[in-house]
Amino acid sequence: MDKILAKRKAIEDLSVETIVESSKQSRIEINLADLPTDPGLRIRIWDYNPNIRDEVRRAYLLKGPCQPRKHEFPYTIFGSKPRRFNPAWFDEFSNWLEYSVNQNAAYCLCCYLFKPNIGAQAGGDSFVCLGFKNWSRKDKLRIHVGGVNSAHNNAWSKCAVLLDQKQHMEALMIKHPEQSNIDYKIHLNASIDCVRFLLRQGIAFRGHVECEPSSNRGNFVELLQFLANHNKSIEAVTFKNDAESLKLTSPDIQKAILNAVATETMELVRSDIGDDFFSVHIDECYDVSVKEQLSVVVRYVDKKGHIIERFLGIEHVPNATPISLMKALDDLFSRHRLSISSLRGQSYDGASNMQVELRGLQTTILDENRSAYYVHCFAHQLQLTLVVVAKNHLNITRLFLLLNKVVNVVRGSCKHHDHLREKQAAKVIKELNLGGARSDRGLNQETSHVKAGDTHGRSHYDILVSMIILFPSVIDVLEIIEEDGLTQEQKNEANMLSNSLQDFDFIFCLHFMRTLLGITNELSQALQRKEEDVVNAMNLVGICKKQLKDLRDDGWDFMLKQVTLFCKKHDIDVCNMDGMFLLSGRSRLKAPDKTNLHYYRVELFYGVIDLQLTELENRFSQTSTDLLISMACLNPSNSFSAFDKNKVIDFARFYPNDFSEIELLMLDDQLETYILDMQTSADFSDLKGIGDLARKMVETKKDKVYTLVYMLIKLALILPVATATVERTFSAMSVVKNRLLDGMGDRWMNDALVAYIEKDVLANVDNENIIDRIQKMNL
């Protein structure tokens with residue numbers, strides 16, 4: 001009886017396991033482009049639904065084995081000796097051997113994809129689930145491969161069959177016996193050419209109604225029809241063929257072709273990077289559907305010594321925490337087979353809404369790779385960042401909101417704008433007659449309000465200066481609008497603005513921010529010049545920090561006096577600093593117990609200056625400043641006048657993983673010969689920057705002679721001190737995904753952006769490679 005009950009229980013357990021297994025498979029929904037590359041993070045192949053299992057296998061085979069060759073492989077103690085994974089094994093077992101950074105273990109790609117689900121064999125689960133970690137036993141790798149009929153070789157044979165293009169095409173011809181191979185390729189080539197055109201122009205693919213009776217079936221179908229109308233060979237194999245499944249016009253076909261185009265484009269970028277060093281610039285971006293995303297640009301030096309910037313992709317980040325951002329970056333790197341251990345620089349836009357989270361990401365990357373130094377991107381306006389930081393104080397935010405409202409009201413009407421010009425012209429004439437203003441060439445020219453734009457760096461400083469100059473004229477115009485406005489709403493808005501502007505709090509913030517941004521204005525402008533001006537820019541950083549500290553320590557009395565004089569000049573009530581502070585809109589009973597002096601001096605004056613100093617320190621720490629100054633010593637301008645051997649060696653010391661103590665001694669000797677060679681060679685006499693130096697060294701093959709120096713030059717070039725490619729992402733996103741295309745998915749949008757932004761790389765992608773990838777997708 002006990003045996004019968006035990007047997008029944010075993011059957012019930014098996015049934016439950018089968019149901020759970022089936023349920024698990026049905027729940028898994030995948031995006032093939034987002035499959036985890038790291039073998040230690042994958043789920044079992046048998047957990048995928050059988051209907052999509054071959055698609056998953058094909059996607060992994062197209063990606064190839066995960067082989068992070070430049071990763072810093074950690075040591076493990078075996079007996080008394082520390083051992084680690086040897087990247088040379090990738091060359092010996094290139095077709096199947098994988099390494100998991102997450103698990104510090106080796107895996108077999110083909111066995112993961114095709115090992116029968118019947119328990120341990122051919123090394124058990126060591127190379128599939130558990131991971132192989134015994135680095136002292138390389139022979140285990142050969143044992144795993146085994147003989148001709150081993151489980152590993154059988155799995156490898158199945159992988160080859162799955163990707164066999166000839167068998168796939170034969171299967172396609174059996175399914176559609178009337179469709180010849182050459183006709184299929186003509187049709188597919190035409191579809192690919194249509195996709196290329198639409199991608200380069202950033203044009204939408206789809207139409208609202210794509211059925212044949214429609215007068216406009218969408219850009220893709222209409223363009224394909226146009227080609228067919230003007231090419232007899234295309235016409236014969238496209239819309240007039242009888243096989244519906246071979247018309248290659250369905251949405252799935254369009255997406256597949258787009259994905260193949262984008263993948264092949266990124267394959268060229270990936271092969272160009274190789275196993276060399278690179279840096280990244282990361283910025284927050286969002287499209288019209290208001291999805292928060294990371295835009296990532298990679299910067300590297302190619303084989304010819306050219307500095308290259310490429311758009312790597314966008315990653316949707318629904319949860320903007322440093323951990324989530326790091327995971328998104330890891331996923332992007334793994335898709336493109338890039339290792340974070342090869343990262344030698346990182347940069348972010350501090351004006352981003354995610355500035356705190358991005359700073360956390362910066363720290364997380366540095367914890368994993370100490371050579372991935374953060375460097376301020378000179379292409380990003382420092383002044384814009386400082387304004388964003390200052391807006392952490394409520395009164396500063398209110399200041400710029402009021403300024404923008406004034407600009408919108410005054411510039412929103414030509415009549416109002418003309419009133420402003422007339423008022424200002426009259427006041428300038430009056431000042432000149434009274435001797436209060438100088439008359440000279442370039443002085444007293446017509447002044448107008450500028451709007452504090454989100455990207456124009458000086459606009460915030462300019463609007464503060466123009467408001468101070470035009471203040472009485474602006475008040476006059478607002479009073480005119482208050483009396484003669486077309487609507488009551490317009491009159492009320494003018495009245496509200498006039499009262500808000502004639503308030504001590506506004507005047508104090510106006511002069512305070514003008515002084516702050518005036519201090520950093522020269523630095524902000526210097527950072528927009530060529531990166532070769534690094535030394536002067538770094539000197540200005542030190543000057544700005546000192547000026548801000550001096551303003552904090554000794555500038556309060558002068559600031560208060562300046563604001564008081566302005567208020568008295570324009571009949572504005574001056575705040576009693578000894579009185580109790582009352583926040584506007586709050587009850588006196590709930591007012592904080594502090595004086596106006598404490599609020600304006602400690603909370604506003606000191607508080608905002610401290611925020612600016614902190615931001616400057618974060619962006620220009622002593623480490624990054626020393627790094628940039630040392631880098632500038634490699635500048636070849638003026639016959640290498642900036643060269644300083646000691647500083648160049650100091651620059652190499654920033655990268656202990658790339659320059660050992662022995663190599664530093666060798667570099668010392670190499671630099672002596674290098675500088676004599678450079679200064680006496682006619683080929684290197686008229687170089688303008690480090691980029692020119694790198695190209696000329698490759699051209700003259702000096703990079704092979706001075707290998708250590710050239711490595712330093714590459715490290716200097718990839719530091720993201722001047723990268724503008726990431727800014728192109730924003731304009732590209734507004735073209736590729738507009739309000740009429742707000743339903744575009746993340747993967748479709750990423751693929752479209754890759755092709756649209758990297759048009760020059762796409763031009764080098766051959767249609768045959770795209771066709772090969774499409775056929776491997778089993779279309």
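Residues numbered from 1 in each chain as written. Predicted model: local features only at pLDDT ≥ 70, side-chain atom pairs only at ≥ 80, totals over all residues. Heavy atoms only, no water.

Here the focus is the pairing of strand E7 (residues 307-316). Counting buried positions along E7 gives eight out of 10 residues, so the element sits mostly inside the fold. The loop that links strand E6 (residues 292-301) with its antiparallel partner E7 comprises five residues; one of these, Gly-305, has a positive phi angle of about 85°. (Buried < 20%, exposed > 50% of the residue type's maximum accessible area, 1.4 Å probe, protein only. Helix = DSSP H or I, 4+ residues; strand = E, 2+ residues; numbered from the N terminus. Pairing = 2+ DSSP bridges.)

The calculated volume of the second largest pocket comes to roughly 1,100 Å³. Every residue lining the second largest pocket is counted, 47 residues in all, and those nearest its centre are Lys-327, Asp-330, Asp-331, Phe-333 and Ser-334. Looking at the lining of the second largest pocket, the elements with two or more residues in it are helix H12 (251-273), E7, helix H13 (322-335) and helix H32 (746-757). No other element matches the eight residues that H13 contributes to the lining of the second largest pocket. Partitioned by chemical class, the residues of the lining of the second largest pocket number 15 nonpolar, 15 polar and 17 charged. (1 Å grid on protein atoms, 1.4 Å probe; cavity = no way out; pocket = protein on both sides within 12 Å on 5 of 7 lines; lining within 4 Å. Points joined across faces, edges and corners; volume = space filled by probe spheres on them. Nonpolar A, V, L, I, M, F, W, Y, C, P; charged D, E, K, R; others polar.)

With respect to the secondary-structure elements, Ser-371 resides in the loop between helix H14 (355-368) and helix H15 (382-390). Not counting residues within four places of it along the chain, the set of residues in contact with Ser-371 comprises Leu-343, Arg-344, Gly-345, Phe-654, Tyr-655, Pro-656 and Asn-657. (Contact = heavy atoms within 4.5 Å.)

Next up on the list: the confidence of the model for the chain. On average, the chain scores 78 in pLDDT, and the residues at 70 or more come to 76%. When the criterion is pLDDT under 50, residues 7-29 qualifies, and its contacts beyond four places in sequence or with other chains add up to 14 contacts. The low-confidence segment residues 428-457 (pLDDT under 50) makes 48 contacts with residues lying over four places distant or belonging to another chain. (pLDDT = per-residue confidence, 0-100.)

Using the criterion set out here, one finds 32 aromatic pairs in the structure. Centroid distance Phe-471 to Phe-566: 5.3 Å. Interplanar angle 65°. Geometry classified as edge-to-face. Of the two residues, Phe-471 sits in helix H18 (residues 459-484) while Phe-566 sits in helix H22 (residues 556-569), which places them 95 residues apart along the sequence. Among the residues examined, Phe-471 registers a relative accessible area of 1% and is labelled buried. Residue Phe-566 is classed as buried on the basis of its relative accessible area of 10%. Geometrically, the ring pair formed by Phe-581 and Tyr-599 is stacked, given 4.0 Å between the ring centres and 15° between the ring planes. Placement of Phe-581 in the loop between H22 and helix H23 (596-619) and of Tyr-599 in helix H23 is noted, with a sequence separation of 18 residues between them. A relative accessible area of 5% means that Tyr-599 is categorised as buried. (Phe/Tyr/Trp six-rings, centres within 6.5 Å; stacked < 30°, edge-to-face > 60°.)

What follows deals with the pattern of salt bridges. When their charged atoms lie close together, side chains carrying opposite charge are able to pair. Scanning the model with the defined rule gives 30 salt bridges in all. With its nearest N and O atoms 3.1 Å apart, the salt bridge here joins Asp-47 to Arg-44. A residue is classified by how much of its surface remains accessible, and Asp-47, at 8% relative accessible area, is buried. Among the salt bridges present, the one from Glu-672 reaches Lys-645, with a minimum N-O distance of 2.7 Å. Linking Glu-672 in helix H27 (residues 661-680) with Lys-645 in helix H26 (residues 645-653), this pair joins segments that are 27 residues apart in sequence. Within the structure, one salt-bridge network assembled from shared partners comprises Glu-92, Lys-138 and Arg-142. (Salt bridge = Lys/Arg side-chain N within 4 Å of Asp/Glu carboxyl O.)

As a further point, take the packing of helix H9 (residues 181-201) against H32. Where H9 contacts H32, the axes come no closer than 8 Å and their chain directions differ by 80°. If you check the angle between H9 and H32, you find them roughly perpendicular. On H32, the residues that touch Leu-199, Arg-200 and Gln-201 of H9 are Ala-752, Ala-755 and Tyr-756. For the contact of H9 with H32, the class distribution of residues is four nonpolar, one polar and one charged. (Axes fitted to C-alpha atoms, helices over the stretch in contact; angles between N-to-C directions. Parallel < 35°, antiparallel > 145°, perpendicular 65-115°, else oblique.)

As a further point, take the nonpolar core. Counting residues in hydrophobic clusters, the biggest one holds 108 residues, and the most contacted among them are Phe-506, Phe-508, Met-513, Phe-651, Tyr-674 and Ile-713. When neighbours within four sequence positions are excluded, Tyr-674 is seen to be in contact with Phe-640, Phe-643, Leu-693, Met-697, Tyr-706, Val-709 and Ile-713. Counting residues in hydrophobic clusters, the runner-up holds 38 residues, among them Val-269, Tyr-300, Leu-312 and Val-317. (Core = buried A, V, L, I, M, F, W, Y, C linked by side-chain atoms within 4.5 Å.)

Further remarks concern the pairing of strand E4 (residues 105-108). Consecutive side chains of a regular strand alternate in pointing toward one face of the sheet and then the other. Residues of E4 alternate between two faces, with Ala-105 and Tyr-107 on one and Ala-106 and Cys-108 on the opposite face, all of them buried. Sheet analysis places strand E3 (residues 97-100) next to E4, joined by four bridges and oriented antiparallel. Looking at E4, one finds that Glu-98 is bridged to Tyr-107. Connecting the antiparallel pair E3 and E4 is a turn made up of four residues, with Asn-104 showing a positive phi of about 50°.

Of all 10 residues in helix H28 (residues 690-699), seven are buried, a share of seventy percent or more. Along H28, the residues that are buried comprise Ile-690, Gly-691, Leu-693, Ala-694, Lys-696, Met-697 and Val-698. Next to the buried residues of H28 lie helix H24 (622-632), helix H25 (637-640), H27, helix H29 (702-705) and helix H30 (707-718).

Note on placement: Lys-70 falls in the loop between helix H2 (50-63) and strand E1 (76-78). The partly exposed category is assigned to Lys-70, whose relative accessible area is 33%. Between the C-alpha atoms of Lys-70 and Pro-87, which are 17 residues apart in sequence, the distance is 8.2 Å.

Summarising the element assignment, Asp-283 is placed in strand E5 (residues 278-286). Note on Asp-283: relative accessible area 1%, which makes it buried. Spatially, the C-alpha atoms of Asp-283 and Tyr-348 are 5.7 Å apart, while their sequence positions differ by 65 residues.

Glancing now at unusual backbone geometry. Unlike most non-glycine residues, Asp-571 shows phi in positive territory, near 55°. By the secondary structure assignment, Asp-571 is in the loop between H22 and H23. The exposure class assigned to Asp-571 is exposed, which follows from its relative accessible area of 71%. If you check the backbone angles, Lys-701 has positive phi at about 65° while not being a glycine. With respect to the helices, strands and loops of the structure, Lys-701 is situated in the loop between H28 and H29. Residue class for Lys-701 comes out exposed when judged on its relative accessible area of 59%.

As for its position among the elements, Cys-194 is in helix H9. Sequence spacing of Cys-194 and Leu-223 is 29 residues, and the spatial spacing of their C-alpha atoms is 6.4 Å. Once residues within four sequence positions are removed from consideration, Cys-194 is found in contact with Phe-220, Leu-223, Leu-224 and Leu-227.

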